[in-house]
Amino acid sequence: MYYISLDLEWNQAYAEKAIAVQKQIACRLRGEVIQIGAVKLDGNMRICGSYSVIVKPRFFKKIHRHVAELTGISQAKMDLGMSLYEAAESFRRFCDEDFVFLTWGPDDIPMLKENLHANGIPTDWLERTYDLQVMFAKENNDGKKQRSLEYAMEFYGIKQTLPAHDALNDAYFTALVAQKLQVKEDVKNYHLLTGDDFLENTVIGDADAGDAGYATVAKMLDDPQNLNPVCPLCGKPLERQTKPFHSKGQKYISLFHCKKDGDMFLTLRVSKNMNETYRAKRTVAKATEEDINLLKQKMKESAAYKRARSRRRKPKAEASAK
Ligand SMILES: [Zn+2]
């Protein structure tokens, strides 16, 4: 199996242009990839190949001043780039058959996915990815989770001998940091490293990323995975304890119970897709006694508030009926 350390540079659009384009193509596109850089490591973490390509953007065709300054990629250089279609094909060939991606931080893979999706290119080969930033934080018991690549390089005494913010150089230094980490072990135990307390953590109805969105929030709540979910730990149906409680920030929280594994919250953080349908970040987490009491308190307050509001409204309604 190969480990592919990956780094991207992407062009930003000026704000109005970004919104207009995303509306037009009805999918998320926060930036457009203009350079793919990658370094290939073999099963013994020895460097055995490298890849770099400049990609010509299709939607945000004018290079953003900051991006040009940061990356040193000029408009002229960008204009001579490959199409993303060709670049994706050649990059995939470089990756070969059996590989996983290593990135520094969580941003590159979602960005590449968005770009491929916006161009109708399959993304199924981007599924096996690992964030070295997470491994670094865990291995060094570093409370700060988001250290820069420069920090990690300095930590391991790796000299910055090539300019940063070039995708290939950054992928190369990412590979050197990877060589200092217990990548093989960490890949095996990755789910233990990610450190969040979620038993499940997914995005549902993400139309901006090509899934089917939910026409209404009610339909989302009625989806069997939300209405009658199964326990992430034992796979048995969960027993519903409360109706979904609508709280601030378009959040819907339901309390469930598993006979074997105890109380759990299922939370849906709803947002709107570009095509006016709904998606949500869906999480399941163990619920402590304290959390449950807090939720019940909030539900009581909200019910009292609704009763008071409907009492205030009634006389008005009667008056207008006359
Ligand atoms: Zn269970």
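Computed from a prediction, not measured in an experiment: that's the story for all the values here.

## Quick notes on the coordination of the zinc ion
With distances of 2.0 to 2.3 Å, the protein atoms coordinating the zinc ion are Cys 231 (SG), Cys 234 (SG), Cys 258 (SG) and Asp 261 (OD). Because the angles between the four donor atoms bound to the zinc ion fall within 103 to 119 degrees, the donor set is best described as tetrahedral. Within one chain, the residues serving as donors to the zinc ion are arranged as C-x2-C-x23-C-x2-D. The exposure class of Asp 261 is buried, given its relative accessible area of 14%.

## Focus on the sheet that holds strand S3 (residues 47-54)
Across the sheet, which stays open at both edges, the five strands sit in the order S3-S2-S1-S4-S5 with mixed pairing between neighbours. With one partner strand each, in any of the chains shown, S3 and strand S5 (129-131) form the two edges of the open sheet. Taken over all neighbouring pairs, the strand axes of this sheet differ in orientation by 25 degrees on average, direction set aside. Of the pairings in the sheet, the one linking strand S1 (residues 2-11) to strand S4 (residues 99-103) comprises four bridges and is parallel in character. If you follow Ser 5 over to S4, its bridge partner there is Leu 102. The strands touched by helix H5 (residues 108-118) are S1, strand S2 (32-41), S4 and S5; relative to S1, the strand with the most contacts, the crossing angle is about 65 degrees. Helix-sheet contacts for helix H6 (residues 132-139) involve S4 and S5, and the interaxial angle to S5 is about 45 degrees.

## As for the pairing of S2
Along S2, 10 of the 10 residues are buried, which leaves the element largely enclosed by surrounding structure. Taken together, the nine bridges between S1 and S2 define a ladder with antiparallel strand orientation. Bridge pairing in S2 links Trp 10 to Val 33. As judged from the seven bridges shared by S2 and S3, these two strands associate in the antiparallel manner. Each residue of the ladder has a partner; that of Lys 40, found in S3, is Gly 49. Linking S2 back to S3 in an antiparallel pair, the connection comprises five residues, with Met 45 at a positive phi of about 60 degrees.

## Some thoughts on the pattern of salt bridges
Counted according to the given criterion, the structure contains 12 salt bridges. Between Arg 28 and Asp 208 there is a salt bridge, and its shortest N-O distance comes to 4.0 Å. Here Arg 28 is found in the loop between helix H1 (15-25) and S2, whereas its partner Asp 208 is found in the loop between strand S6 (198-204) and helix H11 (217-222), with 180 residues between them in sequence. Judged by relative accessible area, which is 18%, Arg 28 ranks as buried. Asp 42 is the partner of Arg 46 in a salt bridge, and the nearest nitrogen-oxygen pair spans 3.3 Å. Take Asp 42: its relative accessible area is 17%, and that puts it in the buried class. One network of salt bridges, with partners in common, ties together Arg 28, Asp 206, Asp 208 and Arg 279.

## Structural notes on H1
Listed as buried for H1 are Ala 18, Val 21 and Gln 22. Projection of H1 onto a plane perpendicular to its axis shows the buried side chains occupying an angular sector of 95 degrees, all on one side. In H1, those exposed residues whose orientation departs by more than 90 degrees from the buried face are Glu 16, Ile 19, Lys 23 and Gln 24. Looking at the residues trailing H1, positive phi occurs at Ala 26, about 50 degrees.

## So, the environment of Arg 58
Along the chain, Arg 58 turns up in the loop between S3 and helix H2 (65-71). In sequence terms Arg 58 and Glu 32 are 26 residues apart; their C-alpha atoms lie 8.0 Å from each other. Here Asn 119 takes part through its side chain, which lies 2.7 Å from a polar atom of the side chain of Arg 58.

## As for a positive patch on the surface
There is a patch of like positive charges on the surface, built from Lys 17, Lys 56, Arg 58 and Lys 61. For Arg 58, a relative accessible area of 48% corresponds to the partly exposed category.

## Regarding the domain arrangement of the protein
Note: interface size is frequently given as the accessible area lost on complex formation between the parts. Segmenting the protein into domains produces domain 1 (2-193) and domain 2 (198-310). Look at where the C-alpha atoms of domain 1 and domain 2 centre, and you get two points 33 Å apart. Roughly 550 Å² is buried in total at the junction of domain 1 and domain 2, and carbon and sulfur atoms are behind 54% of that figure. On the domain 1 side of the interface with domain 2, the three residues burying the most area are Ala 26, Arg 28 and His 117, jointly 74% of the side's total. On inspection of domain 1 and its partner domain 2, the count reaches two salt bridges. The interface formed by domain 1 and domain 2 includes three residue pairs in polar contact (both at pLDDT 80 or more).

Cut-offs used in this document
- Residues numbered from 1 in each chain as written.
- Predicted model: local features only at pLDDT ≥ 70, side-chain atom pairs only at ≥ 80, totals over all residues.
- Heavy atoms only, no water.
- Donors = N, O, S within 2.8 Å, 3.2 Å for Na, K, Ca; no water.
- Tetrahedral: all angles 85-135°; square planar, octahedral: opposite > 155°, others 65-115°.
- Buried < 20%, exposed > 50% of the residue type's maximum accessible area, 1.4 Å probe, protein only.
- Pairing = 2+ DSSP bridges.
- Helix = DSSP H or I, 4+ residues; strand = E, 2+ residues; numbered from the N terminus.
- Axes fitted to C-alpha atoms, helices over the stretch in contact; angles between N-to-C directions.
- Contact = heavy atoms within 4.5 Å.
- Salt bridge = Lys/Arg side-chain N within 4 Å of Asp/Glu carboxyl O.
- Arc of directions from axis to C-beta.
- Polar contact = N/O pair within 3.5 Å; in protein donor to acceptor, adjacent residues only side chain to side chain.
- Patch = residues over 30% accessible without salt bridge, like charges linked within 9 Å, V, L, I, M, F, W, Y side chains within 5 Å.
- Areas by Shrake-Rupley, 256 points an atom, 1.4 Å probe, with all protein chains shown as cover.
- Lys, Arg positive; Asp, Glu negative; His and termini not counted.
- Charge placed at Lys NZ, Arg CZ, Asp CG, Glu CD.
- Domains from an automatic or database assignment.
- Buried area = accessible area lost by both parts, 1.4 Å probe.

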